[in-house]
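Residues per chain are reported as follows:
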Amino acid sequence: MVMMLALLAGCAGRELATHDPRPGGDGLSIERALILSAAQGALGTPYRFGGNTPEGLDCSGLVEMAYRSAGIPVPRTADEQFRALPAVSRAQPGDLLFFGDRRKATHVGIYRGNGQMIHAPGSGRKVTSVPLDIAYWQERFLGAAGPAPDAVTAAR
C-alpha cells in the first residue's frame, strides 16, 4: 500500500493553471504589456546559449530581456528565477512558467495568454509561441511566478 501511494505521488504534478483578463475587465498593467510586447518582438530570434539580446536568446535570457524592458530585474538562469521570484497559483499574461525535473527548473517561458507560451526552445531553433495543452509541458510543469504587477495592483 505504501509503495502504491509513493508511485501515485510521484505521478502527481502541479497543475498548469492560467487566468486571462476578461475583455472589458481590468486588463493588463503597463509592465505586463511591455513584457509581452518585448517577448512578441523576439519571436523568430535565434537561440543562443547564454544570450539575452535581440541577436540571440536562451530561455532565461528571453525572460531577462523582456522584463528589463519593463524595468523589472530578474535573476539570470531559469532555476534562479524559479527559486527567487514570487510564485502564483494561476498564471496571467506576462507571468513566467517553469519546467524541469522536480529538483531544478531547466526551462522557462512567458505566458502569452490564450493557452500559449513564448519561449526560446533550444539550439538550432528560434523564439516561438507554443500551446501549453500538450502533455510535454503538462508533465514537466514546476510552477509559475508573477514578478510583474497586475492591473489592480498597478492602479493603486
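Further up the page is the structure itself.
(A) Broad picture of the environment of Gly 71. When you line up the elements, Gly 71 lands in the loop between helix H3 (59-69) and helix H4 (78-84). Gly 71 sits 77 residues away from Ala 148 along the chain, and the two C-alpha atoms are 9.7 Å apart.

(B) Spotlight on the layout of surface pockets. What the largest pocket holds in volume is close to 230 Å³. Looking at the largest pocket, it is lined by 17 residues, and the ones nearest its centre are Cys 59, Ser 60, Thr 77, Ala 78 and Thr 106. For the lining of the largest pocket, the secondary structure elements donating two or more residues are H3, H4 and strand S5 (105-113). Sorting elements by how many residues they give to the lining of the largest pocket places S5 first, with 3 residues. Split by residue class, the lining of the largest pocket holds 7 nonpolar, 6 polar and 4 charged. In this model, the second largest pocket occupies a volume close to 160 Å³. What lines the second largest pocket is Phe 99, Gly 100, Thr 106, His 107, His 119, Pro 121, Arg 125, Thr 128, Val 130, Tyr 136, Trp 137 and Arg 140. Looking at the lining of the second largest pocket, the elements that each hand over two or more residues are strand S4 (96-100), S5, strand S7 (128-131) and helix H5 (135-140).

(C) Region of the structure containing H3. Among the 11 residues that make up H3, 9 are buried, leaving the element largely enclosed by the rest of the structure. Looking at H3, one finds that the buried residues are Cys 59, Ser 60, Gly 61, Leu 62, Val 63, Glu 64, Met 65, Ala 66 and Tyr 67. One or two positions beyond H3, positive phi appears at Gly 71, with a value near 75°.

(D) Looking closely at the pattern of salt bridges. What the rule picks out here adds up to 6 salt bridges. With a closest N to O distance of 3.5 Å, Arg 76 and Glu 64 form a salt bridge. Note that Arg 76 is positioned in the loop between H3 and H4 and Glu 64 in helix H3, a separation of 12 residues in sequence. Exposure remark for Glu 64: the relative accessible area of 17% places this residue in the buried category. Asp 79 is the partner of Arg 83 in a salt bridge, and the nearest nitrogen-oxygen pair spans 2.7 Å. On the criterion of helical spacing, the pair formed by Arg 83 and Asp 79 is a turn pair, its members being 4 residues apart in helix H4. With a relative accessible area of 14%, Asp 79 lands in the buried category. Overlapping salt bridges bring together Asp 58, Glu 64 and Arg 76 as one network.

Criteria and thresholds
- Residues numbered from 1 in each chain as written.
- Predicted model: local features only at pLDDT ≥ 70, side-chain atom pairs only at ≥ 80, totals over all residues.
- Heavy atoms only, no water.
- Helix = DSSP H or I, 4+ residues; strand = E, 2+ residues; numbered from the N terminus.
- 1 Å grid on protein atoms, 1.4 Å probe; cavity = no way out; pocket = protein on both sides within 12 Å on 5 of 7 lines; lining within 4 Å.
- Points joined across faces, edges and corners; volume = space filled by probe spheres on them.
- Nonpolar A, V, L, I, M, F, W, Y, C, P; charged D, E, K, R; others polar.
- Buried < 20%, exposed > 50% of the residue type's maximum accessible area, 1.4 Å probe, protein only.
- Salt bridge = Lys/Arg side-chain N within 4 Å of Asp/Glu carboxyl O.

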